[in-house]
Amino acid sequence: MRRCRPFVPITVPSRASSPPDVAPTDESPAEGATASWEHFSHDADIGLVGIGPTKAEAFRQAALALTAVVTDPALVRSVTAVSVVCRAGSDEILLVDWLNALVYEMAVRSILFGEFNVEIADGELRATAWGELVDQGRHEPAVEVKGATLTALRVAPVAGGGWRAQCVVDV
Amino acid sequence: MDLSSLIRKSENEWWISPVGDMGVPGVIYASERLVRDMDEKVREQVSNVATLPGIQRASYAMPDAHWGYGFPIGGVAAFDPQEGGIVSAGGVGFDISCGVRALHTGLSFDEVRAVKGQLATALSRSVPAGVGSHGRIHLDEAELDAMLSGGAQWAVTRGFGFKADLDVTEERGCMPDARPDWVSARARRRQQDEMGTLGSGNHYLEVQRVVEIFDTAAAHAFGLQQDDMLVSIHCGSRGLGHQIGTEFLKEMAVAEPSLGIAIPDRELACAPVESELGQRYLGAMRAGINCALANRQIITHLVRQAFADVLPVARLTLLYDVSHNTCKLEEHRCGRVLKPLFVHRKGATRALGPGHPDLPPAFRDTGQPVLIGGTMGTASYVLVGTKDGERLSFSSSCHGAGRAMSRHEALRRWKGRQVIDELAARGIVVRSPSPRGVAEEAPGAYKDVGAVVDAADHAGLSRKVARLEPLICVKG
């Protein structure tokens, strides 16, 4: 498994302990989940994971993991902003929709994203993604992402606090 | 994969007995070594597919099978709509009608070798490849509709290639019953500037040399001789296919509870063939097939232009064009009954045997050319469909080598420049805008394609005809 350093270090505020069986809400940052992303192996494709103290942060990290399939997110400058809105009946379909919205924008704009602001409330995700046009020389983009799949799809609170959002993307 | 869960029927045929909700057995065609190397997920996915409504005969896995999403990649399954049979977006995959076409060049090895660097550069300039690349053709809505209805036939009418190309393309270059009106605005938008582009990842454009002939008669029928030079093009339906797959995979998953289909895993999201959703997917997916056929036809035209600049003596004629991510309505024998079935091939190649009425006249006595892509450093193969293939696997065979390791592991082991230099030392020219992409596609990241085609040959799915080695490889 490939693990990155946190893209943007998150200072997790201390909090009163909460029962471990109570899922943290998006509005209640939890301890124990430093914002980070990972890739995990899938035979032909790539699994990606976003981890964060909130669901929105986990989704943001999953988006960074998506970019990292193509290039190093640190190589992408924030030149252009794109707004994304998704609504779904479950957190897991919302994750798929979010990633697929980014795949679509990347494809039609020939753009790569390196930074994201994500808010989630009442099943609706509102986000701004910042990025720039693909530069084949500087970005060395490895592969196009075709779409996010339902494979290994999971959005759930993690033990000790925070959220984990993951799925396999087809490349 | 744990062999103890399988019943070995022959050297290259392994059965999974039907248990639980499995309506049919699972059948894996592979050598013991290939089966051992398969992920346990392949057995699980083959078994899961066997539970789907209306499945006929068996849930099959080809020798290059590996873990997919819902269906294994290298999976074949056929469904009878009269028995509640389904169609699955995951059973076709995101890259609808991804496939391979091979062209004769009429050139000798020495003729190409003398200008291989110049030719590689001309090909890489002629055919846009890689993330962020655009084609030189912009399609407006009316032309998109015409392309999605007409496939390679549309491309030929627009001047991209010749009518003779269509004679040796599956479906004669046009998948019937496509419904462009069921292709979303977003899918259309993704394709407007992507016609004639190669893509990235495992897609490639290669100039290859015939280094070995296994079946002289079939090779003769295919026009292949030792040291002939071919061009192979591997790509699919680009952004349009990806978007169709994306949208219908989700729509089927969300609709699942209302469709009354019990599935063991939501990745198997599907819809009855006869349902409105099933019909809508089939119409859009067929439009995706036409997009892929048109795309490979346009790339063929661009390849011809590049050759005309560097080697004007070349005469590029199409050997054949096959797709390996499709669902097609075909007649197959189930017991004593000939049934129309919806055959899903996901990472599997149709391999019609001799005498099949859908074959072009040139191949009717021989069987269909089956084009198997390898890696930029190993080999590709031409096989031929067999009579037995219908009984064994609904006339299906393998499609490639299949990855042996993840992209990250490949990136950890190799650098792109190192791979390019090592291949250059072996006489293979690689052109790619992305060294990282080359590293992820390093030959060592793939299984032994020779073992895969040997298993397909020994199992009777298709028969080896010729082995090809790359001289030039253009990657995205």
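Starting afresh in each chain, residues are numbered from 1 along the sequence in its written order. For naming, the first written chain is A and the first written ligand is 1, with later ones following in the order written. Local features in a predicted model are, by the rule used here, given only for residues with pLDDT of at least 70; side-chain atom pairs are given and counted only at 80 or more, and totals for whole chains, interfaces and linings are based on all residues.

Details of the overall build of chain B
Strands are runs of DSSP state E lasting at least 2 residues, helices are runs of H or I lasting at least 4, and numbering of each runs from the N terminus. The helix and strand inventory of chain B stands at 15 helices and 19 strands. Here chain B has a C-alpha radius of gyration of 21 Å; the compact-globule value for 476 residues is 23 Å, and the two agree. Projected onto the principal axes, the alpha-carbon positions of chain B cover approximately 60 × 50 × 50 Å. Once C-beta atoms are placed from the backbone, each residue is buried if 20 or more other C-beta atoms lie within 10 Å of its own, exposed if 12 or fewer, and partly exposed for counts between those two. When burial is assessed residue by residue, chain B has 64% of its 476 residues classed as buried. C-beta atoms are first placed from the backbone for all residues, and any pair lying within 7 Å is then listed as a contact. Partitioning the intrachain contacts of chain B with sequence separation of at least 6 by distance along the chain shows that 78% fall at a separation of at least 24. Only C-alpha atoms enter the radius of gyration; for comparison, a globular chain is expected to reach 2.2 Å times N to the power 0.38, where N is the number of residues.

Some points on the nonpolar core
Core analysis: the largest hydrophobic core is formed by 219 residues, its most contacted members being A:Phe59, A:Ala62, A:Leu95 and A:Val169. If one sorts the elements of this core by residue count, helix 10 (residues 276-310) of chain B sits on top with 16 residues. For A:Leu95, the residues in contact, after removing those within four places along its chain, are A:Phe59, A:Ala62, A:Leu153, A:Val155, A:Ala165 and A:Cys167. What we call a nonpolar core is a set of buried Ala, Val, Leu, Ile, Met, Phe, Trp, Tyr and Cys residues whose membership is set by joining through C-beta atoms within 7 Å.

Some remarks on the sheet that holds strand 13 (residues 337-346) of chain B
All names here are of chain B. The pairing criterion is simple: DSSP has to find at least two bridges between the two strands. Taken in spatial order, the 7 strands line up as 1-2-3-4-5-13-12 in an open sheet, and their pairing is mixed. At either end of the open sheet lies a strand with only one pairing partner, and these are strand 1 (7-10) and strand 12 (325-334). Each strand axis lies, on average, 40° off the axis of its neighbour in the sheet, ignoring direction. Against the sheet, helix 15 (residues 449-459) touches strand 2 (13-16), strand 3 (26-29) and strand 4 (59-69), its axis set at about 145° to strand 4. Helix axes are fitted only over the stretch in contact, all axes being lines through C-alpha atoms; the angle between N-to-C directions runs from 0 to 180 degrees.

Notes on helix 13 (residues 416-425) of chain B
All names here are of chain B. Inspection of helix 13 places Gly416, Val419 and Ile420 among the buried residues, and these make up the whole buried set. An end-on view of helix 13 places all buried positions within 95° of arc, on one side of the element. Among the exposed residues of helix 13, those oriented more than 90 degrees off its buried face are Arg417, Asp421 and Ala425. Note on helix 13: the residue one or two positions beyond its end, Gly427, has a positive phi of about 90°. Throughout, the arc means that of the directions going from the helix axis to the C-beta atoms.

Quick notes on the pairing of strand 3 (residues 46-52) of chain A
All names here are of chain A. With 7 of its 7 residues buried, strand 3 lies for the most part within the structure. With burial as the criterion, each face of strand 3 is covered, one bearing Ile46, Leu48, Gly50 and Gly52 and the other bearing Gly47, Val49 and Ile51. Sheet topology places strand 2 (residues 36-41) next to strand 3; 6 bridges connect them, and they run antiparallel. By the bridge assignment for strand 3, His39 is matched with Leu48. In sequence, strand 2 turns back onto strand 3 through a hairpin of 4 residues. Across 7 bridges, strand 3 lies against strand 9 (residues 163-170) in antiparallel orientation. Across the sheet, residue Gly47 finds its bridge partner in strand 9, namely Val168.

Examining the packing of helix 1 (residues 55-70) of chain A against helix 2 (residues 91-109) of chain A
All names here are of chain A. The N-to-C vectors of helix 1 and helix 2 enclose an angle of 40°; their axes lie 10 Å apart at closest approach. Viewed along their axes, helix 1 and helix 2 adopt a mutual orientation that is oblique. With respect to the hand of their crossing, helix 1 and helix 2 are arranged in right-handed fashion. Here Lys55, Phe59, Ala62, Ala63 and Leu66 of helix 1 lie close against helix 2, whose contacting residues are Asp91, Leu95, Trp98, Leu99 and Leu102. Amino acids are sorted into nonpolar (Ala, Val, Leu, Ile, Met, Phe, Trp, Tyr, Cys and Pro), charged (Asp, Glu, Lys and Arg) and polar (every other residue, Gly among them). Grouping the amino acids of the contact of helix 1 with helix 2 by side-chain chemistry returns 8 nonpolar, no polar and 2 charged. The cut-offs work like this: below 35 degrees is roughly parallel, past 145 is roughly antiparallel, 65 to 115 is roughly perpendicular, and the gaps in between are oblique. Rotating anticlockwise by less than a right angle from the far helix to the near helix defines a left-handed crossing, while the corresponding clockwise rotation defines a right-handed one.

Overview of the sheet that holds strand 6 (residues 124-133) of chain A
Strand-to-strand pairing in sheets goes through backbone hydrogen bonds, with the strands running parallel or antiparallel. Residues and elements named next belong to chain A. Across the sheet, which stays open at both edges, the 3 strands sit in the order 4-6-5 with antiparallel pairing between neighbours. Either end of the sheet is taken by a strand with one partner, and the two such strands are strand 4 (80-87) and strand 5 (111-121). Each adjacent strand pair in this sheet contributes to an overall mean axis angle of 20°, direction not counted. Examined bridge by bridge, strand 5 and strand 6 share 10 bridges and lie antiparallel to one another. By the bridge assignment for strand 6, Val118 is matched with Ala127. Along the sheet, helix 2 makes contact with strand 4, strand 5 and strand 6, crossing strand 4 at roughly 145°.

Points about the interface of chain B and chain A
Between chain B and chain A, the residue contacts involve 39 residues of the former and 30 residues of the latter. Only strand 4, helix 7 (185-191), helix 9 (238-259), helix 12 (407-413) and helix 14 (435-440) of chain B provide two or more residues apiece to the side of chain B that touches chain A. Broken down by element, the side of chain B that touches chain A gets its largest block of residues, 9 residues, from helix 9 of chain B. Split by residue class, the side of chain B that touches chain A holds 11 nonpolar, 16 polar and 12 charged.

Quick notes on the packing of helix 5 (residues 141-157) of chain B against helix 10 of chain B
Residue and element names in this part refer to chain B. For the pair helix 5 and helix 10, interaxial distance at closest approach is 7 Å and the crossing angle is 20°. In terms of their interaxial angle, helix 5 and helix 10 are classed as roughly parallel. The two elements helix 5 and helix 10 cross, and the hand of that crossing is left-handed. Along the contact surface, helix 5 presents Met147, Leu148, Ser149, Gly150, Gly151, Ala152, Trp154, Ala155 and Val156, while helix 10 presents Ala287, Ile289, Asn290, Cys291, Leu293, Ala294, Gln297 and Ile298.

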